[in-house]
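Spelled out from the first residue to the last, the chains are:
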Amino acid sequence: MSKDRPTPPPETSPPTTEPQTDAAGQLPALERSVMGSVGMALMGAGLRSARPLQKIVLGSVGAGLAAMAATGRNPLATALKIRQTPQGEVLVSDAVTIGKPADDLYRVWRDLAGLPRLMTHLKAVEVLDERRSHWTVEAPTGTVSWEAALTADEPGRRIAWAALPGAAVENHGEVLFRPAPGDRGTEVAVRLAYRPPGGSAGAIAARLFGEEPAQQLRDDLMRFKREQELGFAPTTEGQSSARAGGQA
Amino acid sequence: MKAIVWQGTNKVGVETVPDPTLLLPTDAIVKITSTAICGSDLHLLDGVIPSMEKGDILGHEFMGEVVEVGRDVRRLKVGDRVVVPFNISCGVCDPCRRGLFSACDNSNPNHRMAEALYGGVSGGGLFGYSHMYGGYAGGQAQYVRVPFADVGPHKIESDLRDEQVLFLTDIFPTGYQAAENCGIVPGRDVVAVFGAGPVGQFAARSAQMLGAAHVIVIDRVPERLAMAESAGCQVINYEQEDVLIALREATGGRGPDHVIDAVGMEAHGHGPGALVDTAKQRLKLSFDRITALRWALLSCAKGGTVSLPGVYGGLIDKVPMGAAFAKGLTFRMGQTHTHRHIAPLLSRIEAGEIDPSFVITHRASLDDAPELYKTFRDKQGGCIKVVLNPWA
Ligand SMILES: [Zn+2]
Ligand SMILES: [Zn+2]
């Protein structure tokens, strides 16, 4: 992140350069196919495992190996699908299509104080004035907070924000609302960029221990979609089974 | 209540579990009057579907009587007699609105598991079919919780017996959709069906209902072939004949215009390809064995359709893609969009065009179910379809 923040993030996709691997970094074909198989098997084992941590770790390592096989690239950051900008920021983005008009969805997001309901790892957003707000995030090490400012606000189209200089975690992000083709509603695209404490090693460690921002964002977007389309989240929590207590 | 429970690979048992309760205002509780064991339950028994957990209640083909409804349920009321589709759909997302009910965006609470395996998208939830498909408790039990109660359950208002309408929940629409996906030109097209299990039987009869000029059914189990033959199909026993040659002969060298693979990943099959598939599946390196799929691609006529109602779970290799490309085949596949087939197929049953109970060979109580899972899997005693009475 450059010193003269906040500036509006670019209208189009921020630079998403994958770490480059030279020809020597390519894995031999045999190794790739073995890795692919083992990766799939681990993913299966991870999904089968009843223990959540094991599920995530086996699942991630499996997905990592499968990804290595698929791309033929070796670097751990690539294998774990951690994307980085040339400036060393970790980039997380995802999108979801929701069967509602863009204006409605924009209004929900523009209510910054309500954002913690959409993004579960956000603990609180306190609106300070027209532009500035105070964000508090739940982290494995405790809570982290910073001040942020809106860098763009285009009703029905786009909201962007950036942490003000001196934030504990440098970060910026944007939400785009685009009409989906046909009668499918609105495409909501979210892009977040942050500088992880501990650099890319920190990002890898966080990923392996299940603190996975890309997955969190995906879960948040799906929860948002379901809240908007259904008004509730489907669940099996509390259903009947033959496990201890008979619960799910 | 009593329920059939998954206890581990090759272990299914009857256990007493708590009665289900309403978890959301859009739920209903159904007292089950009839339920069935499906061929795809055997994949769970075999342990080839990931993300089953010990204690899960099985079963996704069931019907019964509504005994409780949540406060937001509008269309159903206590006392209604319903058949319940095996897939769970929200009814409002884009796939649901387009009639792609099994591809529902919103009904699977564990969407992230399927997303990890299937390219970032998950299908809808299924009753009693692993946590990847939502982890919903199934209906091989005395009661079941039915989510999205205004979307799935279909009222049966005529006096048709359970056995005549029960299979509207899965195998009849599944076989029908497989045939419908072929785009059969009435009076002209020849359809081959690999697998004469329950879905294959319904696929063959549906192809006939849709006007196929000729239907050929391939299997190795004599009782199953006899059932297909009694419906007027030509049959081929692949243990006695070379399938590809027999199909060429039966079609004047053209091959069947459409081929339905009603076997899926548990294809039996012979030869080195099949051995490799089985070994990989045992080692959990692959979920699927694909002899039937290979035959389907190799036998299908130029410009034909390969329709796949059989369940595929993971990655497959040694697929004769060259043959598929050379002949310009179309592939149609996917989990059944049960909801959209129930009303039209119920009309056909009411009109006497088909009586789906023809497929039943075994009737039993829940207590007998663990034994019958094995009977069905091993195709013993002429077993084609098992119906269970939870109150017997
Ligand atoms: Zn089934
Ligand atoms: Zn839906």
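Residues numbered from 1 in each chain as written. Chains lettered and ligands numbered in written order. Predicted model: local features only at pLDDT ≥ 70, side-chain atom pairs only at ≥ 80, totals over all residues. Heavy atoms only, no water.

A short note on the overall build of chain A
Convention followed: Working definition: helices are DSSP H or I runs of at least four residues, strands are E runs of at least two. Numbering for both runs from the N terminus. Only protein chains enter the accessibility calculation, which uses a 1.4 Å probe; a residue is then buried when its area is under 20% of its type maximum, exposed when over 50%, and partly exposed in between. The protein chains shown are the only cover counted for residues, whose accessible areas, like all others here, come from Shrake-Rupley with a 1.4 Å probe.
In terms of regular secondary structure, chain A is built from seven helices and eight strands. Counting across all 248 residues of chain A, residues that qualify as buried make up 46%. When the accessible surface of chain A is split by element, carbon and sulfur atoms take 57% of a total near 11700 Å².

A few points about the coordination of the zinc ion (ligand 2)
Residue and element names in this part refer to chain B. Here is the rule: Counted as donors are the N, O and S atoms within 2.8 Å of the metal, or 3.2 Å for Na, K and Ca, while water is not among the atoms, so some sites may look incomplete. Geometry is assigned from the angles between donors: four donors with all angles from 85 to 135 degrees make a tetrahedral site, four or six donors whose opposite pairs exceed 155 degrees while the rest stay between 65 and 115 make square planar or octahedral sites respectively, and everything else is labelled irregular.
Protein ligation of the zinc ion (ligand 2) involves C90 (SG), C93 (SG), C96 (SG) and C104 (SG), the donor distances falling in the range 2.3 to 2.4 Å. Considering all four donor atoms around the zinc ion (ligand 2), the spread of angles at the metal, 102 to 119°, places the coordination shape in the tetrahedral class. The motif formed by the donor residues of the zinc ion (ligand 2), counted along the single chain, is C-x2-C-x2-C-x7-C. Of this pair, C90 sits in the loop between β7 (87-88) and α2 (94-97) while C104 sits in the loop between α2 and α3 (111-117), placing them 14 residues apart in sequence. Comparing C90 with C104 shows no difference in burial state: the two are buried.

Things to note about the UniProt feature "domain: Alcohol dehydrogenase-like N-terminal" (unreviewed entry) in chain B
Going by this rule: UniProt positions are given in the numbering used here, feature names are shortened, and annotations may be inferred rather than shown by experiment.
Residues given the UniProt feature "domain: Alcohol dehydrogenase-like N-terminal" (unreviewed entry) here are residues 25-151 of chain B. Segment residues 25-151 of chain B splits into 13% helix and 26% strand. End C-alpha atoms: 13 Å apart.

Structural notes on the sheet that holds strand β1 (residues 2-8) of chain B
Residue and element names in this part refer to chain B. Using the following cut-off: The rule for pairing is simple: two strands pair if DSSP sees at least two bridges between them. We call two residues in contact whenever any of their non-hydrogen atoms come within 4.5 Å of each other. Fitted lines through C-alpha atoms give the axes, limited to the stretch in contact for helices. The angle between two N-to-C directions lies from 0 to 180 degrees.
The strand order across the open sheet formed by three strands is β2-β1-β4, and the pairing between neighbours is antiparallel. Of all the strands in the sheet, the pair left with one neighbour each is β2 (11-16) and β4 (56-57). The sheet contact formed by β1 and β2 spans six bridges and is antiparallel. The partner of G8 across the bridge, within β2, is K11. In this fold helix α13 (residues 369-377) packs onto β1 and β2, with an angle of close to 160° to the strand it touches most, β2.

Remarks on the interface of chain B and chain A
Put simply, an interface is often sized by how much accessible area is lost when its parts join up. Here is the rule we go by: The quantity reported as buried area is the accessible area (1.4 Å probe) lost by two parts once they are put together, taken as the sum for both. Between Lys or Arg on one side and Asp or Glu on the other, a salt bridge is scored when a side-chain nitrogen of the former is within 4 Å of a carboxyl oxygen of the latter.
The interface is formed by 46 residues belonging to chain B together with 33 residues belonging to chain A. Buried surface at the junction of chain B and chain A, both sides included, amounts to about 3400 Å², of which 58% is carbon and sulfur. For the pair chain B and chain A, the number of links is four salt bridges. A salt bridge links A:K225 to B:D105; the nearest nitrogen and oxygen atoms lie 3.0 Å apart.

Details of the coordination of the zinc ion (ligand 1)
Residue and element names in this part refer to chain B. In the first shell of the zinc ion (ligand 1), the protein supplies C38 (SG), H60 (NE2) and D170 (OD), at 1.8 to 2.2 Å from the metal. Read from N- to C-terminus, the donor residues coordinating the zinc ion (ligand 1) fall into the pattern C-x21-H-x109-D. With C38 in the loop between β3 (28-37) and α1 (41-45) and D170 in the loop between α4 (162-165) and α5 (171-180), this residue pair connects regions lying 132 residues apart in the sequence. Both residues of the pair, C38 and D170, count as buried.

Re the packing of helix α4 (residues 102-110) of chain A against helix α7 (residues 213-229) of chain A
Residues and elements named next belong to chain A. Heads up, the condition is: What sets the label is the angle itself: under 35 degrees gives roughly parallel, over 145 gives roughly antiparallel, 65 to 115 gives roughly perpendicular, and the rest give oblique. For any helix crossing, the convention is left-handed if the near helix is rotated counterclockwise from the far helix by under a right angle, and right-handed if that rotation is clockwise. In this count, Pro and Cys sit with the nonpolar residues alongside Ala, Val, Leu, Ile, Met, Phe, Trp and Tyr, while Asp, Glu, Lys and Arg are called charged and the others, Gly among them, polar.
Closest axis-to-axis distance for the α4/α7 pair is 12 Å, and the angle between their directions is 120°. In terms of orientation, α4 and α7 fall into the oblique class. Regarding α4 and α7, the two cross each other, and that crossing is right-handed. Across from L105, V108 and W109 in α4, the residues of α7 making contact are L221, F224 and Q228. A class-by-class count of the residues in the contact of α4 with α7 yields five nonpolar, one polar and no charged.

Details of the sheet that holds strand β12 (residues 214-219) of chain B
Residues and elements named next belong to chain B. The six strands lie next to each other as β13-β12-β11-β14-β15-β16, forming an open sheet whose pairing is parallel. Of all strands in the sheet, those bounded by a partner on one side alone are β13 (234-237) and β16 (330-333). For this sheet, the mean inter-axis angle between neighbouring strands, taken without regard to orientation, is 20°. Where β12 meets β13, four bridges bridge the pair, whose relative direction is parallel. Looking at β13, one finds that I216 is bridged to Q234.

Brief notes about α4(A)
Stated formally: Relevant arc is that of directions from the helix axis to the C-beta atoms, nothing else.
Residues of α4(A) that are buried include every one of A:A102, A:L105, A:Y106 and A:W109, and no others. Along α4(A), the residues classed as buried sweep out an arc of 105° about the axis, all on the same side.

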